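# Structural characterization, general
Here is how the chains run, residue by residue.
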Amino acid sequence: MKIALYQPDIAGNVGTILRLSACLGVPCAIIEPCGFPFSDKALKRAGMDYAEAVDVQRFGDWDAFAQSAKEEGRRIALMSSRGSKSLYETEFMASDILLFGSESTGVPDNVHAASDLRIRIPMQAGFRSLNVAVSAGIALSEALRQTGQLPMEKTP
């Protein structure tokens, strides 16, 4: 399992998602350009020291990322308010990449079309979307649960 962020706009959200990735043991791909300088200082507030524990891959553009996913034999599962399938009706595979669009614009039509799965998180009528970091937590937890990849809790 892997998380990928398409041209993220907000450093705090990226930091939060890197913290999520560290805590759940999942690598994170960043598809550039970012809407902020990608630096330790920009990410430190939300990611704290957890960001240092994440395997972060950076890609210069969509084409480089898509080629890497293809070479690794991974499906790209786009989380989108325009998704055709509910998160809870989706059957995940352990090698899936959960792709999240930028906070301001989501993903362009070519990225939407190129994704293997287009998934939405069900929510109350009248609301457009969840925060990207919240969406990542919900979707990643469900995908890891389904594929038996959730970290094991240690009993005291």
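For clarity, every value in this text was computed on a predicted model and none was experimentally measured. (Residues numbered from 1 in each chain as written. Predicted model: local features only at pLDDT ≥ 70, side-chain atom pairs only at ≥ 80, totals over all residues. Heavy atoms only, no water.)

Our next topic: the UniProt feature "binding site: S-adenosyl-L-methionine" (unreviewed entry) in the chain. Under the local residue numbering, the UniProt record ascribes the feature "binding site: S-adenosyl-L-methionine" (unreviewed entry) to Met79, Gly101, Ile121 and Ser129. These annotated residues cover 51 residues of sequence, and their C-alpha atoms lie no more than 13.9 Å from one another, placing them together at a single site. For Gly101, the position within the fold is in the loop between β6 (97-100) and α4 (109-114). Those residues in contact with Gly101, other than ones at most four positions away along the chain, are Tyr6, Gly106, Val107 and Val132. Along the chain, Ile121 turns up in the loop between β7 (117-120) and α5 (132-146). What Ile121 contacts, discounting residues up to four positions off in sequence, is Met79, Leu87, Leu130, Ser135 and Ile138. (UniProt positions renumbered as here; feature names shortened; annotations may be inferred. Helix = DSSP H or I, 4+ residues; strand = E, 2+ residues; numbered from the N terminus. Contact = heavy atoms within 4.5 Å.)

With respect to the element layout, Ser80 can be found in the loop between β4 (76-79) and β5 (85-86). The residues contacting Ser80, other than those within four sequence positions of it, are His112, Ile119 and Arg120.

Overall, the coordinates contain 0 disulfides when judged by the stated rule. Left unpaired, Cys28 is separated from the closest cysteine sulfur, that of Cys34, by 9.9 Å. Cys34 sits in the buried class, given a relative accessible area of 18%. (Disulfide = S-S within 2.5 Å. Buried < 20%, exposed > 50% of the residue type's maximum accessible area, 1.4 Å probe, protein only.)

We now examine the packing of aromatic side chains. Applying the stated criterion across every chain yields a total of 3 aromatic pairs. Seen in terms of ring centroids, Tyr6 and Trp62 are 6.4 Å apart; in terms of plane orientation they differ by 65 degrees. Their pairing is edge-to-face. Pair noted here: Tyr6 is in strand β1 (residues 2-6) and Trp62 is in helix α3 (residues 62-72), with a separation of 56 residues, a long-range link. With respect to class, Tyr6 is no different from Trp62; both count as buried. Plain terms: the ring middles of Trp62 and Phe65 are 5.5 Å apart, the flat faces sit at 45 degrees to each other, and that makes the pair tilted. One end of the pair, Trp62, and the other, Phe65, are both in helix α3, 3 residues apart, so they sit about a helical turn from each other. (Phe/Tyr/Trp six-rings, centres within 6.5 Å; stacked < 30°, edge-to-face > 60°.)

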